[in-house]
Amino acid sequence: MTHSHDDCINRIIDTNGNIVGTMPEFARDSEEPLRLYRALVLTRTFDTKAIALQRTGRLGTYASSLGQEAVSVGTAAAMQSNDVFIPSFREHGGQLWRGVTLKELFLYWGGDERGNDFAGPREDFPNCVPVGSHAPHAVGVALAFRLRGEPRAAVCVFGDGATSKGDVAEALNMAGVWKVPVVFVINNNAWAISVPVAKQTAAAALAQKAIAAGIAGEQVDGNDVIAVRHVVERALARARAGSGPTLIEAVTYRLSDHTTADDASRYRDDKEVSRHWPAEPIARLRTHLVNAGIWDKEKEESLLQECSEAVETAANEFLATPPLDIEAQFDFTFAQLPADLAEQRDEALRQNGGAA
Ligand SMILES: Cc1ncc(C[n+]2csc(CCOP(=O)(O)OP(=O)(O)O)c2C)c(N)n1
Ligand SMILES: [Mg+2]
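Predicted, not measured: the structure shown is a model, and the values here were computed from it.

Considering the overall build of the protein
Here is step 1 of the chain: The number of helices and strands found in the protein is twelve helices and seven strands.
Here is step 2 of the chain: Taking 356 residues into account, the globule formula puts the C-alpha radius of gyration at 21 Å, and the protein, at 21 Å, falls close to it.
Here is step 3 of the chain: Viewed in the frame of its principal axes, the protein has a C-alpha envelope of about 65 × 50 × 40 Å.
Here is step 4 of the chain: Taking all contacts inside the protein whose residues are at least 6 apart in sequence as the whole, residues at least 24 apart take part in 73%.
Here is step 5 of the chain: Put simply, the protein shows about 16,000 Å² of open surface, and 51% of that area lies on carbon and sulfur atoms.
Here is step 6 of the chain: Charge centroids of the protein, computed over 35 positive and 48 negative side chains, lie 3 Å from each other.

Thoughts on the environment of E327
Here is step 1 of the chain: Turning to its location among the elements, E327 is positioned in the loop between α11 (297-319) and α12 (339-351).
Here is step 2 of the chain: Separated by twelve residues in sequence, E327 and A315 place their C-alpha atoms 25 Å apart.
Here is step 3 of the chain: Apart from the residues lying within four places of it in its own chain, the contact partners of E327 are R345 and L349.

So, the packing of aromatic side chains
Here is step 1 of the chain: Scanning all chains against the criterion turns up eight aromatic pairs.
Here is step 2 of the chain: Arranged with centres 5.6 Å apart and planes meeting at 50 degrees, the rings of W191 and Y267 form a pair that is tilted. With W191 in strand β4 (residues 191-192) and Y267 in the loop between β7 (246-251) and α9 (270-276), the pair connects residues that are 76 residues apart, well separated along the chain.
Here is step 3 of the chain: For Y267, a relative accessible area of 24% corresponds to the partly exposed category.
Here is step 4 of the chain: Taken together, the ring pairs connect F46, Y62, F106, Y108, W109 and F318 into an aromatic cluster.
Here is step 5 of the chain: The aromatic ring of F26 is capped on one face by R229, whose charged end is 3.9 Å from the ring centroid.

Describing the site of ligand 1
Here is step 1 of the chain: The local shell around ligand 1 holds 15 residues, among which R90, G161, A162, N189 and W191 are the closest.
Here is step 2 of the chain: Measuring from a nitrogen atom of ligand 1, one finds a backbone N or O atom of V129 at 3.1 Å.
Here is step 3 of the chain: The side chain of D160 places a nitrogen or oxygen atom 3.1 Å from an oxygen atom of ligand 1.
Here is step 4 of the chain: Considering ligand 1 on its own, with 580 Å² of exposed area, one finds that the protein chains cover 69% of that surface.
Here is step 5 of the chain: More than half of the atoms belonging to ligand 1 lie within 2 Å of the grid points that define the largest pocket.
Here is step 6 of the chain: For the shell around ligand 1, the residue count by class is eight nonpolar, four polar and three charged.

Side note on the packing of helix α1 (residues 31-55) against helix α4 (residues 102-109)
Here is step 1 of the chain: The interhelical angle for the contact between α1 and α4, taken along N-to-C directions, is 35 degrees, at an axis separation of 11 Å. Judged by the sense of rotation from one axis to the other, the crossing of α1 with α4 is right-handed. Between α1 and α4, the contacting residues are L42, F46, K49, A50 and L53 on the first element and L102, L105 and F106 on the second.
Here is step 2 of the chain: For the contact of α1 with α4, the residue count by class is seven nonpolar, no polar and one charged.

Describing the pairing of β7
Here is step 1 of the chain: When you tally the buried positions in β7, you get six out of six residues, the bulk of the element.
Here is step 2 of the chain: Side chains T246, I248 and A250 project from β7 onto one buried face, and the interleaved L247, E249 and V251 project onto a second face that is buried too.
Here is step 3 of the chain: Inspection of the sheet shows strand β3 (residues 182-188) paired to β7 by six bridges, in the parallel sense. Across the sheet, the residue bridging to I186 is E249, located in β7.
Here is step 4 of the chain: By the bridge criterion, six bridges tie strand β6 (residues 216-221) to β7 in an arrangement that is parallel. Residue D221 lies in a different strand from β7, and its bridge partner there is V251.

Here we look at the nonpolar core
The tendency in soluble globular proteins is for nonpolar side chains to be buried as a group.
Here is step 1 of the chain: Residues L36, Y37, V225, I226, V232, L236 and L285 are the most contacted members of the largest nonpolar core, which totals 42 residues.
Here is step 2 of the chain: Contributions of two or more residues to this core are made by α1, α2 (69-78), β2 (154-159), β3, α8 (225-240), β7, α10 (281-291) and α11.
Here is step 3 of the chain: With eight residues, α8 is the largest single contributor of residues to this core.
Here is step 4 of the chain: In contact with V225, not counting residues within four places along its chain, are L36, L40, A70, V73, G74 and L285.
Here is step 5 of the chain: Counting 26 residues, the second-largest nonpolar core is a separate cluster that includes L143, A171, V180 and V182.

Concerning the packing of α2 against α8
Here is step 1 of the chain: Running from N to C, α2 and α8 cross one another at 40 degrees; their axes reach a closest spacing of 8 Å. The angle between α2 and α8 places the two elements in the oblique class. Here α2 runs over α8; the crossing is right-handed. Facing α2, whose interface residues are A70, V71, V73, G74, T75, A77 and A78, α8 presents V225, V228, R229, V232, E233 and L236.
Here is step 2 of the chain: The residue makeup of the contact of α2 with α8, split by class, is nine nonpolar, two polar and two charged.

Side note on the environment of I86
Here is step 1 of the chain: Residue placement: I86 occurs in strand β1 (residues 84-86).
Here is step 2 of the chain: Residue classification places I86 among the buried residues on the basis of a relative accessible area of 1%.
Here is step 3 of the chain: Remark: the alpha-carbon pair of I86 and Y37, spanning 49 residues in sequence, is separated by 23 Å.
Here is step 4 of the chain: Discounting chain neighbours no more than four positions away, the residues touching I86 are F125, H134, A138, V141, A154, V155, C156 and V157.

Rules used throughout
- Residues numbered from 1 in each chain as written.
- Chains lettered and ligands numbered in written order.
- Predicted model: local features only at pLDDT ≥ 70, side-chain atom pairs only at ≥ 80, totals over all residues.
- Heavy atoms only, no water.
- Helix = DSSP H or I, 4+ residues; strand = E, 2+ residues; numbered from the N terminus.
- Rg over C-alpha atoms; globule rule 2.2 N^0.38 Å.
- Contact = heavy atoms within 4.5 Å.
- Areas by Shrake-Rupley, 256 points an atom, 1.4 Å probe, with all protein chains shown as cover.
- Lys, Arg positive; Asp, Glu negative; His and termini not counted.
- Charge placed at Lys NZ, Arg CZ, Asp CG, Glu CD.
- Phe/Tyr/Trp six-rings, centres within 6.5 Å; stacked < 30°, edge-to-face > 60°.
- Buried < 20%, exposed > 50% of the residue type's maximum accessible area, 1.4 Å probe, protein only.
- Lys NZ or Arg CZ within 6 Å of the ring centre and 35° of its normal.
- Near = heavy atom within 4 Å.
- Polar contact = N/O pair within 3.5 Å; in protein donor to acceptor, adjacent residues only side chain to side chain.
- 1 Å grid on protein atoms, 1.4 Å probe; cavity = no way out; pocket = protein on both sides within 12 Å on 5 of 7 lines; lining within 4 Å.
- Sits in = over half its atoms within 2 Å of the grid points.
- Nonpolar A, V, L, I, M, F, W, Y, C, P; charged D, E, K, R; others polar.
- Axes fitted to C-alpha atoms, helices over the stretch in contact; angles between N-to-C directions.
- Left-handed = near helix turned anticlockwise from the far one by under 90°.
- Pairing = 2+ DSSP bridges.
- Core = buried A, V, L, I, M, F, W, Y, C linked by side-chain atoms within 4.5 Å.
- Parallel < 35°, antiparallel > 145°, perpendicular 65-115°, else oblique.

Okay, here's the thing in structure tokens:
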């Protein structure tokens, strides 16, 4: 196992759209590959709009998933609806697949917690901004499933940088000890803000971190959505059968800045980014679908139209949503507000012309 994208073990469709592995059962007819393709395109359309809204002052800081959509979509697509998704902050594609709405995503990234009150997947976790702190939670969720005898699994996604955190090491360790139904997916986009993987660890591959925990570990080409879905589904089947957790390293590349608050050109050579563009996940699947005779220019144009209409509609609904009252920021953490916060709440209300 290595960090190099070309040496990945699990790959089914290569960067030229050619089939280089065994097509899994779910991909033998056209329905699921087309669904996956639509999800990738919708995710990227959302991403583009989110950045445009942030740049024009109408959204908060936003973490782009450009080039990494297949990790997220492939992972979520492998899950059963009653599994629980526990993502970090770059998994918009997976959240959309799970039934989080575009409007909810806009609300969340616009700083409105109502965006985390998912109407769809009620038991999925809101995305986790503290790096890696959700990995132990995922083990707890999986332990609960085991104790209750429920045939469900927890799926936790975090970045390459998160694998250097104690939280993740502890989570992997206890998942192994308890043999709980959890699948960890590392979204290895090669960077943790300005820190490249090589400065992050001396391990030859992040998937090797499974070895010390005594759990299964493997690498997959994270830009091959068919391969990601296949590998995660296989791991989930093992988890549900009581065969223990898996750590999957999905190797991808961050084509964007870290977030809209970052300027990656200050620490990363543009040439490196250009080298990775040919491996991005959407073009290769499109080439494969065209070669298979199930996709063409007309279908592509109508899909782009459909995605852009859905995203525009959701963005307009988000922009038309009146913000929460100013005191809402004090309402949901404490049953009884501490005195200093009560004072701040009164001050906020005074400044907003409300009653104190
Ligand atoms: C506990 C904690 N420390 C620091 C940060 C600031 N921070 C936000 S993202 C990030 C890097 C994360 O890198 P990685 O895990 O590879 O995820 P990526 O952003 O590349 O998807 C850091 C250090 C944070 N959010 N949480
Ligand atoms: Mg990273």
